[in-house]
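Residues per chain are reported as follows:
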Amino acid sequence: MLIETNDKRLNSIIEILNITTQGNSIMEAKDSILPTLVDILKLKRISIGVLNAGSIDTMRIIYTDFKTEFHKKYGIETDYLKSKNSFDIPIDVYPDIIKTHIIENRGYLYIDNLKTRDYDYAELKQMIGDKYNRIAIFPIVSDYRCLGIISCYLSDGESLKEEDIELTLQICKVLALMIEIYRKNEIISSIEKKNKEFAEALKIQRQLMSLNNISFFSGARISFNYQIGCENNNMDSLKSRLGGDYYEAIKLNESKALLFFADVMGHGVMSNYFVPLLKGMFKMIAKGPDVSPAKILTNVSRLIYSDLDSAGMFITGRVMLVDFEKNTICSANAGHTVPLLYSYEKDLIAYLDKDKGKPLGVDSEYEYEEHTYIMDSEAVLFMYTDGIYENTNINGQSYKESNIIEILKANKYSDSEMICNDILEAIKTFIINRDDDEVDDMMIVLIKNF
């Protein structure tokens, strides 16, 4: 009989251990755990309390049969708690002996006859009521931290032997493992959920800029390449983080295109929120009869100002109207980076730096100005976001503009998309030993008019 009893107990512990490996919370697994405990210890009433993960000021109780005045005070008779067989209770209302001996000092308590004890146990007597005269409370401990308690309430004819106490202490260790596994799984699930959300937002962000490589009958082409926080230790993949760079190109006809650049301050969800907002505004305004870069930028500024002001953010931007028939670029700037214009005919470097303006979100009444620049018949315009020069190598050195000019010079007859790729690959190689978390987004737009 003793062997059969021990085998049954061992099987019950294995059953509880199997439940813990499934990664369920105690709340989800209570219908399996509590009946097993009741069967092992031969008791009618057992409860498990789990301390709040964020603090130790609240205990969530799951139970078999609680009908005491102590627990009725905290809502046990409500329909919700009846259906859930659980309720939350402040730690402060627990008897001092439980708070100090069990929760703080992580010791167990077994009182075999409360009726004969003095007033020190009056709080315990009130807690368990007149129906029970013995109590045993065991701490659920992990890494010297109390995660919760198992409480056993015994009536006449019920008792715990020494082997029962030892068995319950072992079960407490198993439950501690279960709680730790569940809490760690919660953290992992939260991270995975955020990663999925970021990956989806990143996918949408790429789609927003996926149709901006444009060709013209004259042979002119507008190309771009966008690198979001590149992983230098793994060049085959990109980090799933959101960037605030935005670029949109609209082909007006076979000789003209309207370009919009923006760089939202910072990274993450807040900065990425403004990317589709900018896209919608630019598309709406660009459909109007007036494609003046200055008016477009002024209108976008006024539409988005309140949102940026509320978020305490700003955006740099630029709108350009490129005319390949006249070889001109009309540009309005909102604090964005200065494009580089290289003439193959004259071997000359020029900059689109006359159109200076305030970033979006700084001044709601600001009116932008536009300037027109001349392109030679064989020229290339190099437009970029600040990550091109702000990303540094392990020694704190920035990639030199002279290196970019050399790539442009050496690739006069190369495809413009290939030139974009070559420049970004050269920069990534230059900063290859950098910590990924510090790498800024990089975007290049290349306008080649031949």
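Structure: above.
Not measured: the values here are computed from a predicted model. (Residues numbered from 1 in each chain as written. Predicted model: local features only at pLDDT ≥ 70, side-chain atom pairs only at ≥ 80, totals over all residues. Heavy atoms only, no water.)

Engineer: Which residues make up the sheet that holds strand β13 (residues 340-343), and what values do they have?
Structural biologist: Taken together, the six strands give an open sheet; going across it, the order is β7-β8-β17-β16-β13-β14, and neighbouring strands pair in antiparallel fashion. In this open sheet, the two strands that pair with only one neighbour each are β7 (214-215) and β14 (348-351). With four bridges connecting them, β13 and β14 associate as antiparallel partners. Of the residues in β14, the one forming a bridge with Tyr342 is Ile349. Lying on the sheet, helix α11 (residues 401-410) is in contact with β13, β14, β16 (379-384) and β17 (442-448); it crosses β13 at an angle near 40 degrees. This element, helix α12 (residues 416-430), spans β8 (221-227), β16 and β17 of the sheet and lies at about 25 degrees to β8. (Pairing = 2+ DSSP bridges. Helix = DSSP H or I, 4+ residues; strand = E, 2+ residues; numbered from the N terminus. Contact = heavy atoms within 4.5 Å. Axes fitted to C-alpha atoms, helices over the stretch in contact; angles between N-to-C directions.)

Engineer: A description of helix α9 (residues 293-311) should follow, citing residues and the corresponding values.
Structural biologist: Between its first and last C-alpha, α9 extends 26 Å over 19 residues, near the 27 Å set by a 1.5 Å rise per residue. Where α9 ends, the next residue or the one after it, Gly312, has phi of about 65 degrees, a positive value. (Expected span 1.5 Å × (residues − 1).)

Engineer: Give me the environment of Lys251: which residues, what numbers.
Structural biologist: In this fold, Lys251 is placed in strand β9 (residues 245-251). A relative accessible area of 35% means that Lys251 is categorised as partly exposed. On a C-alpha basis, the gap between Lys251 and Asn213 in space is 10.0 Å, while along the polypeptide they are 38 residues apart. Beyond its immediate chain neighbours, meaning those up to four positions away, Lys251 contacts Ile214, Ser215, Phe216, Lys256 and Ala257. At 2.8 Å, the side chain of Lys251 forms a polar contact with the backbone oxygen of Ser215. Looking at Lys251, its side chain comes within polar contact range of the side chain of Glu254, at 2.9 Å. (Buried < 20%, exposed > 50% of the residue type's maximum accessible area, 1.4 Å probe, protein only. Polar contact = N/O pair within 3.5 Å; in protein donor to acceptor, adjacent residues only side chain to side chain.)

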